[in-house]
Structure formats: structure tokens, C-alpha cells
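# What the coordinates show
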Amino acid sequence: CGQMSEREHLAVDSLNTLAHEAAYRSLDEAMGYVDEVLGTYGASNYTDGMHEAWLIRGDVYGMKMDYDSARVCYQKVLSESNNDLICGMADVDMMSVCLMLSLSKEFYDYRNDALERFTNVEDELADMTEHQERLWNTAQAEYHFVSLNYFLKMRQDEGMMEEYNWLEEHQSMYEADSTQLAAFLFLRSLFSMKEVPDAEEETQRNLTRLLSLGRSHGYDYFEASALNSLASAMLSGAEMRPSRRVFVSEL
């Protein structure tokens, strides 16, 4: 009982990938894929696939700002799984919750746990499946996204620079994932307001790219964030290139 065929194994990975990709487009769609995984295959022995689905369920709750429910999902994974990659992803998700709830000590506890687990995972990289490699890349990028967001919030310049430089140097790791690329462009626009030469021009460039990416992929959250940031800049007296004005007006 609970044995899973290779076809079913691939189906679970595919559904989890679809849920991840749908999260910034439609929370209901993302949760539908998660429910299909847990409802159809929940009794199987593919525990990593089930735990990945629970992490995505927690992400959906987190995007709904239901952080208590999100924590339940992440803690379920941490209490049941012995997979360092999956648990490291759960640690990063808990870092995000702690960031939103201003729990600095807990943020660093989970950050240290994630770093320790990821160090263990590095020894297994050569044996990873294609799906596991995608999870690894996602987990690495998310770790640095959340860390940069934290250091931006806490105004810790050294930490900001370290995380920003890592993300700049490792774009190839996540640029094929449109949701992570959008997250990077948004964080980059916040960072460039303070640290990059010609900050205003750099910020507008990143926000315009984010606006285009959000519109083309149906990511309403990122599209709205880009529009709001561009509008705020204009209200503060920033000048926008005529070509960008035309681009925004034609969307």
C-alpha cells in the first residue's frame, strides 16, 4: 500500500511545479494543484512530494497574510521530514513569516538552520534529479531574497550588499523562473533607490521590466507593485522617459 509508479511520481512533481508557477497568478489555482497532490496521492510513499505540496500550501496562506496557517504547514514539514533540502526550504519559508511578523531572533534561528541544511545538501548535488535541482535553485534564491528583504527592512547596509551581490552574481540560477525573476526585479528596485549610481534611472528600468513581466505572465501582484512604485516616483517629481510613458500608457 502506498507504492507509487514512476508515472505518478512525475505527476506529483508536475503538479507541484504548476502550483509554484501559479501562485502569483491565482492563489485558487495554486491551491487547486496542491489539493490534487494531497488528495490523489497523499497515501503514497513519495513523502518529499507531499511535503513540497505542504510548503506550497503554506506559501499560499502566507500570500493571504494568514501567517498562523502558513506556520502550521511549514512546521508540519519540519517535524515530519528528514530531507535536508525540503527542511531547508521550510526554514526559508519560516524566515519569511518571521520577517513579516518582525521576529528577529527567530528569523536568525531559521536562517542558521537553513544554512546548515544547505551545506549538507551540497554534498548530494551530483545525484539530484532534474526536479530536485529546480528545488535547490529555488531554495537558494529564496534564501537570499528573504535575507535581502530583511536587511533592507532593518537598514543593515553590510548585509544588504552581501545579499544583493550574491543575487547579481547568480542570476542564471533563477532567471528562468519568472516568479523569482519578478521578485528579484522588485527587490532590486528597492535596493537601487539607495545604493546604485543613477539610482532613479536604474529603478525605473527595473520597475518597467517588472511591469512588463507581470503583465505578460498574469502576475497581478507584481504588475500592481510596479505601477504603484512608478506612480509614487512620478508624484515625487521623478522624470520618466517618453518611451516609458508610452509603454505604460499602452498596457
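None of these values were measured; they are calculated from a predicted model. (Residues numbered from 1 in each chain as written. Predicted model: local features only at pLDDT ≥ 70, side-chain atom pairs only at ≥ 80, totals over all residues. Heavy atoms only, no water.)

## Examining the packing of aromatic side chains
- Taken as a whole and judged by the stated rule, the model has 12 aromatic pairs.
- Aromatic side chains Tyr-108 and Tyr-150 sit 5.5 Å apart centroid to centroid with 85 degrees between the ring planes, which places their arrangement in the edge-to-face category. With a gap of 42 residues between them, Tyr-108 in helix H6 (residues 104–121) and Tyr-150 in helix H7 (residues 130–154) connect regions that are remote in the sequence.
- Look at Tyr-150 and you get buried, because its relative accessible area is 4%.
- Summarising the aromatic geometry, the rings of Tyr-219 and Phe-222 are spaced 6.4 Å apart at their centres and angled 70 degrees between planes, so their arrangement reads as edge-to-face. (Phe/Tyr/Trp six-rings, centres within 6.5 Å; stacked < 30°, edge-to-face > 60°. Helix = DSSP H or I, 4+ residues; strand = E, 2+ residues; numbered from the N terminus. Buried < 20%, exposed > 50% of the residue type's maximum accessible area, 1.4 Å probe, protein only.)

## Topic: the side chain of Ser-81
- Mapped onto the elements, Ser-81 comes out in the loop between helix H4 (67–80) and helix H5 (84–100).
- A residue is classified by how much of its surface remains accessible, and Ser-81, at 12% relative accessible area, is buried.
- A polar contact is formed between the side chain of Ser-81 and the backbone nitrogen of Asn-83, at a distance of 3.0 Å.
- Once residues within four sequence positions are removed from consideration, Ser-81 is found in contact with His-51, Ile-86 and Cys-87. (Polar contact = N/O pair within 3.5 Å; in protein donor to acceptor, adjacent residues only side chain to side chain. Contact = heavy atoms within 4.5 Å.)

## Quick word on unusual backbone geometry
- For Met-65, which is not a glycine, the phi torsion comes out positive at approximately 65 degrees.
- Relative to the assigned elements, Met-65 resides in the loop between helix H3 (47–63) and H4.
- Classification of Met-65 as exposed rests on a relative accessible area of 63%.
- Even without a glycine there, the phi angle at Ser-102 is positive, about 60 degrees.
- Along the polypeptide, Ser-102 turns up in the loop between H5 and H6.
- Judged by its relative accessible area of 52%, Ser-102 falls in the exposed class.

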